Every structure is written in C-alpha cells, then in structure tokens.
Amino acid sequence: MSMGSSRFTIPARPTPEPGREFKLVARTQAEEDAYDIRANRQMPKPSGLIGSIAHLVKGALGGGILSGHVAWMTAGLWVAVPVSLVCGIYMFYCLYILVKSAQILYKRTRVPVMTYPDVGEAACACHSNPSVSKYSKTFRYMIDAMICIDLFGACATYQIIIAKSLKQLVENSQTTSMEGLNGLPGLRVYLAGLVPFVILICLIRHLKWLAPLSIVANMVVLFCIIVAVYYAFDNNPTLTGMVPYTSFYNFFEFIGMAVFSMSCAAVIIPIENNMKDPSKYHIALSIGMSLIITCVFCVSFFGYAGYLDKCESPITVNFPLNTLGKALKACIMVMIYVTHALNYWVPFSTVFYYMKRKLDPNKHVMWEFVFRAVFVALIGLVAIIFPTITALMGFLGAFCLSNLAFIYPNVIYLLVHWERPGLGPFRWRLWVSCIMILVGVFFCICGSFVSGVQLISIALNPGKRSDI
C-alpha cells in the first residue's frame, strides 16, 4: 500500500488493458507446474529479498502508525497487546494465502503479473461454475472500490494531521482543540485553507517526481518512533499508569485503528510481482510483518506510556514545543503532505481509468487535471465534516481493510483451490476459510458501526475534541 510512507510501494497498472480477459489455460496440474513465472516476467529492475522486505515495511509505515498509541489507550493495555499480536498473525496468514493463490492463477492464466483486482477477477473467471465466473467483473469492481475508499479516506486523515499540526504550531500551545485559541481560527478553517495547497501537489501526474521524497519521509517516521520512546521514559520512567482494559464497545474502535496501522494488503501483490525470486515471497512477508508489528508496538506502547490518557493523534502533537518538538511537527507536516500525493495517485488512476472512457480522448489531460482538483476538494470536504483522525482510521480499518486483508483473500483462496488441489480431508480448507471470513465480517460490521457513530458524533458536535 505505499510508495514511501504512503500505502502503495510499487505502482502497478491499477486496471487491465481494455478488453483484456482472464481465461483458464492450464487445465491440469502438470500444465501449471510447467509454467515458470520468473522466466516469463519482464521486470527491468526486480527487487531482491531485502529490497522486497523494505518495500513491504514502507507500505505500512504511514499516518496510521503515528496513531497507534491512541488505539491502545482506547482498548487498554491488557487488551491491546495480545489482540495486536493476534491481529498481525491473522493478517499474515490472509496475505500469505492471497499471494499463494495469485501465484497459482499466474500459472493457470499464463499471465505472470497481476494487481490485486486482477487476482480477484481471475479467481472468479477461472472457476468452472458459470454461476461464479459470471461475477468476475463484479468482484473486481468490489476490490477496486475498497482500495479507492481506503486510500481516498487515508488522504482525508492526512489532511487532518497536517491541519492539526499546523494549528498547534501557529497557536504555540500544547493544548489542542477544535476551536481556535486567542481568537485564532478553528481546525476546520485550517482544513479549508489547506485544500488549494493539496490540490497543487496532487496535480503532479508522474509518480517518479515524488518518489525520491519518500525516502526522507520514511526516515522522519522512524525518527519519530525513536523520539516517542525517549519521551516515554522521560515523562513516565516507570512506564506505569496505563489502563488495563476499557469496554467491549471500545474494543471495536481499537480493532479498526489497529488494522489500519499495520495493514499492507494491497501492497503485497505488486511487491511479489517485482521480486527477483517470487518463490521467496513468504520469507519477505514473514520478516516484513514482524518488523511492521514491532514498529507499531513501539509507537503504540511507548506513546501511550508517555502521555497516558492525554495522548492524541498523531504522536508528534504530544511532543513538547521545544526546538526538537517543533522541528518534528513541521517535518511530519511536510512528510504527510508528500505522502498525500503519493497515496492519491493509485485510487485516482483507478477511478479516472473508468471515467475517461466517457470523455473526449483529445481532452483526457485537461479532464485529468480538472478531476484531480475536484477529488481533492471532495476529500477536503470529508475532512472538514469529520475532522477526527482516529475515528476515520477506525472506520477505514474496519470497513475497507477487513475486506481487503481478511475477507477477500479467503474468498479468493477458496475459489482457486475449490477443484484443484481441492478442499482437503474433511474439507478443512473450506471450514478454515469460512471461520476467517466470519471473523472478518464480524470486525467489519461491528467496527464500522462503532467508528461510524464516532464520526457522526464529531460532525454533529463541532466542539468535540478532534482526536476521538
């Protein structure tokens, strides 16, 4: 999901070539085994194992990780620690079977490179049951829609992070609120004023002009993690005072934020596509997820320990207004500003691919600029209406990423394995996947409801704190 610290690392074409169809070519296991994925890929600069791990970690390091401490405060320490670990393992398993299924589909279709939506479409299209295969395009559109909602929504949270950080620096106050201090504007005014500047950077059509800045952005995030650990010991040397647990209701808000902070569901397929040796993807995924969980744990635990019930999102808002603190707040603003443009590229490219079919081919560039500005303005409107970082992240994690990271991978796995190699003794693959899907659906419904209530509450109560 990230280029640099955004949520996509290796941009792949988000939609298939016009008229392209996925068809079952290899009809036996022998025909599948005869196809060499690596030999049929034409990647000019494939990534090695270490590079792939780095891309995977960068795919999850973004605005979400800077809010993990608020998620832990919401759930309580005794709940957050084991559930975060279980959630990470759950996500690892689902992403593992997603890539495993994709590699089987490469062989069956003789298409060596696919995106996540391609994999979903191919899984349906290659199924022998016509009642399933006829929904291949529908399934693709569902995956496309979830990715776009997730990434456009993440852009809204990024605008809030920038505005909130800017407001704190202008007011030179450790206290944050929706209203302005000493006659200065409120948060929503900063969000509105930010829109033209975000439009400017999102008008950049070529991702390569932004990519070099992602390296600096990742260094800033990692440095913030180190500083958060330092301030935790400085403010709370004994690391005590954290609430062990809160309520069952808060648990579902925590789940959404936890998933958002560590998910790399949409990045794993492009990373595997670009690997020099695709057979080692499980090693890259194992090490990458371990590092992601470690980074999330550090920010979440030490951020919560350092500021207890006063912690806010992002973590840099809690830093003192000394030289280092102000510098990091400013750096995070710049980093998130660049991240916004990187994050915006993939969902807009997907949406505009479908839109431009109805537009004059001679005016595609003009219309692209117009719609780039319009979509950024709409994202800004969402941020103005719901200026809450954690509730938005919770909703995106529960609604979008429960589908992308938990539900869809298991559906794809069943479609691919249904006939060959089959469901296994006692249909164990069916039962395991059904349990995984039901857990994902449960998190999706309950987490979306809880975060949705929070969003509505913020929209209807302009004076409510923006961090809850």
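None of the values given here were measured: they were computed from a predicted structure.

Here the focus is the packing of aromatic side chains. Going through the model one piece at a time under the given rule, you end up with 26 aromatic pairs. Look at Phe248 and Phe252: their rings are 5.0 Å apart centre to centre, the planes differ by 80 degrees, and that puts the pair in the edge-to-face class. Placement of the pair is Phe248 and Phe252 together in helix α11 (residues 248-262), with a separation of four residues, close to one helical turn. Among the residues examined, Phe248 registers a relative accessible area of 59% and is labelled exposed. Its relative accessible area of 6% is what places Phe252 among the buried residues. An aromatic cluster is defined as three or more aromatic residues linked by ring pairs; in this entry it consists of Trp72, Phe233, Phe297, Phe301 and Phe302.

The first and last C-alpha atoms of α11 sit 22 Å apart over 15 residues, in line with the 21 Å expected at 1.5 Å per residue. Listed in full, the buried residues belonging to α11 are Phe251, Phe252, Glu253, Phe254, Ile255, Gly256, Met257, Ala258, Val259, Phe260, Ser261 and Met262.

Okay, the confidence of the model for the protein chain next. Atom-level detail of predicted coordinates should not be read off regions where pLDDT is low. Per-chain confidence: the protein chain averages 87 in pLDDT, with 92% of residues scoring 70 or above. Contacts from residues 1-19, a stretch scored under 50 in pLDDT, to residues over four places away or in other chains number 91 contacts.

Residue placement: Val132 occurs in helix α7 (residues 130-133). Residues contacting Val132, with those up to four places away along its chain left out, are Cys124, His127 and Leu415.

Once that is clear, we can look at the side chain of Asn236. Along the chain, Asn236 turns up in the loop between α10 (211-235) and α11. For Asn236, a relative accessible area of 9% gives the class buried. Excluding residues within four positions of it along the chain, Asn236 makes contact with Tyr231, Ala305 and Leu308.

Cis geometry marks the peptide bond from Ser313 to Pro314, where omega comes out at -5 degrees. Even without being glycine, Asn172 reaches a positive phi, approximately 55 degrees. Residue placement: Asn172 occurs in the loop between α8 (136-171) and α9 (187-202). Despite not being glycine, Leu239 shows a phi value in the positive range, around 50 degrees.

Before going further, it helps to examine the pattern of salt bridges. Throughout the structure, instances matching the rule amount to ten salt bridges. One salt bridge in this structure joins Glu32 and Arg420, with 2.4 Å as the shortest N-O distance. One end of the pair, Glu32, is in helix α1 (residues 29-33); the other, Arg420, is in the loop between α16 (389-417) and α17 (428-460), and 388 residues separate them in sequence. Here Glu32 falls in the buried class, since its relative accessible area comes to 4%. When the shortest N-O distance is used, the salt bridge between Arg140 and Glu121 registers 3.0 Å. Here Arg140 is found in helix α8, whereas its partner Glu121 is found in helix α6 (residues 116-125), with 19 residues between them in sequence. Overall, Arg140 belongs to the buried group, its relative accessible area being 1%. In this structure, a network of salt bridges that share partners links the residues Asp118, Glu121, Lys137, Arg140 and Asp144.

Before going further, it helps to examine the nonpolar core. Note that soluble globular proteins tend to have their nonpolar side chains buried in a common cluster. Counting 143 residues, the largest nonpolar core has Ile65, Leu95, Tyr116, Phe254, Ile292, Tyr344 and Leu404 as the members making the most contacts within it. With 16 residues, the single largest contributor to this core is α16. Look past the residues within four positions of Leu404 in its chain and what remains in contact with it is Tyr116, Ile143, Met146, Ile147, Ala265 and Pro409.

With that out of the way, let us pick up the state of the cysteines. Tallied over the full model, the rule gives zero disulfides. Distance from the sulfur of Cys224, which forms no disulfide, to the nearest cysteine sulfur (Cys331) is 7.7 Å. When its relative accessible area of 1% is taken as the criterion, Cys224 is described as buried. Lacking any disulfide linkage, Cys446 is separated from the closest cysteine sulfur, that of Cys444, by 9.4 Å.

Calculation criteria
- Residues numbered from 1 in each chain as written.
- Predicted model: local features only at pLDDT ≥ 70, side-chain atom pairs only at ≥ 80, totals over all residues.
- Heavy atoms only, no water.
- Phe/Tyr/Trp six-rings, centres within 6.5 Å; stacked < 30°, edge-to-face > 60°.
- Helix = DSSP H or I, 4+ residues; strand = E, 2+ residues; numbered from the N terminus.
- Buried < 20%, exposed > 50% of the residue type's maximum accessible area, 1.4 Å probe, protein only.
- Expected span 1.5 Å × (residues − 1).
- pLDDT = per-residue confidence, 0-100.
- Contact = heavy atoms within 4.5 Å.
- Salt bridge = Lys/Arg side-chain N within 4 Å of Asp/Glu carboxyl O.
- Core = buried A, V, L, I, M, F, W, Y, C linked by side-chain atoms within 4.5 Å.
- Disulfide = S-S within 2.5 Å.

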